[in-house]
Amino acid sequence: MNKEILSFSKEVQKALIDEQPIVALESTIISHGMPYPKNVEMAKQTEQIIRDNGAVPATIALMDGKIKVGLEEEDLELLATADNVAKVSRRDMARVLATKQIGATTVATTMIAANLAGIKTFVTGGIGGVHRGGENSMDISADLEELAQTPVTVICAGAKAILDLPRTMEYLETKGVPVAGYQTDYLPAFFSSTSETKLNLRVDSAEEIADMMVMQEEIDLNAGILVTNPVPVAHEIPHEEIDAIIQQALAEEKAAGVVGKDSTPFLLAKIVELTEGRSLETNIQLVYNNARLGAEIAVAYNNKK
Ligand code: PSU
Ligand code: MN
């Protein structure tokens, strides 16, 4: 690999040299996951929470034919406002880099970039998964395959109930991806702190996750770990409430004929509209909660090296 393809911010460059704990962050959540200006506020505040908890944030995006690891404020602003930002998953990466387009990285591509940069911990909101009806449409996020083949630990709030949660878990089981519930026995469902899907693995501290990360390396599994961290109950939207809204969003998606990579952004925006912004507040709070845990995990892992 030609490391010239990576372009580091000063803050991240220094952290790598000094062997400080680093947390990667994605940019699709900024460009395609939330409206302006909440998206850029969220991005900056998430970075600050990571710093306040003893780690260095590295938000990732594709710009000028480079994988930028660590963004300046004007980069975040551009990603938050420009309407020509590509949503870049694994299959799109080479083309967007070759044509020097602006690209926002999904969970899959942020994992690829973090791994190239030597960053082991990555915080996001929610991962992609098996969409409802995925047994027919075969709409399964490339995020799941990436977790199976790239050694980065991803901290999320579970998967949104716009997805088929039991099938998403089956897929990850087949691919050998450990899915840990942080202080919970049930899979958190993004807007809701819990779901009916029971997990096989519960961890109660960042330390336990760091131990697993070290062991995955020791046995050369070359695969990720998924940590699911429930949204704080004070900020959740209970199941019963969000389910009806999700049903309506899915019906509107079908009527509008939206498919493929446009599905997740369409559904998220529709849910924000239907909840009059409440889902956006929940989304932001769960990212902050993940940032705190992600920083703790990065620090715990760094202490073991
Ligand atoms: N879930 C969210 N917000 C997001 C995404 C998921 O709540 O912004 C983004 C992430 O970048 C994730 C991607 O990797 O959507 C999944 O898209 P797809 O299903 O097309 O792989
Ligand atoms: Mn898809």
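Look up a bit, the structure's there.
Nothing here was measured: the structure is a model prediction, and the numbers come from that model.

Take the packing of helix α10 (residues 206-218) against helix α13 (residues 278-302) next. Packing of α10 against α13 leaves a shortest axis separation of 8 Å and a crossing angle of 55°. Classified by the angle between their axes, α10 and α13 sit oblique to one another. Considering how the two elements wind past one another, α10 and α13 form a crossing that is right-handed. Contact residues: α10 offers Ala206, Glu207, Ile209, Ala210, Met213, Val214 and Glu217, while α13 offers Glu296, Ile297, Ala300 and Tyr301.

Ligand 1 sits among 16 residues. The nearest are Glu26, Val107, Ser141, Asp143 and Lys160. The backbone of Val107 places a nitrogen or oxygen atom 2.8 Å from an oxygen atom of ligand 1. Computed on the free molecule, ligand 1 has an accessible area of 480 Å², of which 95% lies beneath the protein chains in the complex. Secondary structure elements with two or more residues in the shell around ligand 1: α2 (28-31) and α12 (263-274). Each residue belonging to the shell around ligand 1 can be placed in one class, and the counts come to 4 nonpolar, 7 polar and 5 charged.

Because side chains alternate across strand β2 (residues 22-25), one face comprises the buried residues Ile22 and Ala24, and the other comprises Val23 and Leu25, equally buried. Bridge count for β2 against strand β3 (residues 56-63) is 4 bridges, and the pairing is parallel. Bridging from a neighbouring strand, Ala24 pairs with Ala58 of β3. Where β2 and strand β7 (residues 121-123) come together, 3 bridges link them in parallel fashion. Note that in β7 the partner of Leu25 across the bridge is Val123.

This part covers the pattern of salt bridges. Proximity of charged atoms lets side chains of opposite charge pair with each other. This structure, assessed with the given rule, holds 19 salt bridges. One salt bridge in this structure joins Arg90 and Glu146, with 2.8 Å as the shortest N-O distance. You can see Arg90 sitting in the loop between β5 (86-88) and α5 (93-98) and its partner Glu146 sitting in helix α8 (residues 142-149), a full 56 residues away along the chain. Note on Arg90: relative accessible area 40%, which makes it partly exposed. Across the salt bridge formed by Lys261 and Asp262, the nearest N and O atoms sit 3.7 Å from each other. What makes Asp262 partly exposed here is its relative accessible area of 43%. Three or more residues are tied together by salt bridges with common partners; here these are Glu11, Glu47 and Arg51.

Turning our eyes to something else, we now look at the environment of Glu145. With respect to the helices and strands, the residue Glu145 is situated in helix α8. Judged by relative accessible area, which is 27%, Glu145 ranks as partly exposed. For the pair Glu145 and Asn229, spaced 84 residues apart in sequence, the C-alpha to C-alpha distance is 21 Å. In contact with Glu145, other than residues within four places in its own chain, are Tyr171 and Lys175. A polar contact is formed between the side chain of Glu145 and the side chain of Tyr171, at a distance of 2.5 Å.

With that out of the way, let us pick up α10. The terminal C-alpha atoms of α10 lie 19 Å apart, and with 13 residues this matches the ideal 18 Å at 1.5 Å per residue to within 8%. Residues of α10 that are buried include every one of Ala206, Ile209, Ala210, Met213 and Gln216, and no others. Along the axis of α10, the buried residues cluster in a sector spanning 120°; they form a single face. Considering only its buried residues, α10 is in contact with β7, β8 (153-156), β9 (179-182), β10 (201-203), β11 (225-228) and α13. One or two residues past the end of α10 sits Asp220, with phi positive at roughly 55°.

Conventions we followed
- Residues numbered from 1 in each chain as written.
- Chains lettered and ligands numbered in written order.
- Predicted model: local features only at pLDDT ≥ 70, side-chain atom pairs only at ≥ 80, totals over all residues.
- Heavy atoms only, no water.
- Axes fitted to C-alpha atoms, helices over the stretch in contact; angles between N-to-C directions.
- Helix = DSSP H or I, 4+ residues; strand = E, 2+ residues; numbered from the N terminus.
- Parallel < 35°, antiparallel > 145°, perpendicular 65-115°, else oblique.
- Left-handed = near helix turned anticlockwise from the far one by under 90°.
- Contact = heavy atoms within 4.5 Å.
- Near = heavy atom within 4 Å.
- Polar contact = N/O pair within 3.5 Å; in protein donor to acceptor, adjacent residues only side chain to side chain.
- Areas by Shrake-Rupley, 256 points an atom, 1.4 Å probe, with all protein chains shown as cover.
- Nonpolar A, V, L, I, M, F, W, Y, C, P; charged D, E, K, R; others polar.
- Buried < 20%, exposed > 50% of the residue type's maximum accessible area, 1.4 Å probe, protein only.
- Pairing = 2+ DSSP bridges.
- Salt bridge = Lys/Arg side-chain N within 4 Å of Asp/Glu carboxyl O.
- Expected span 1.5 Å × (residues − 1).
- Arc of directions from axis to C-beta.

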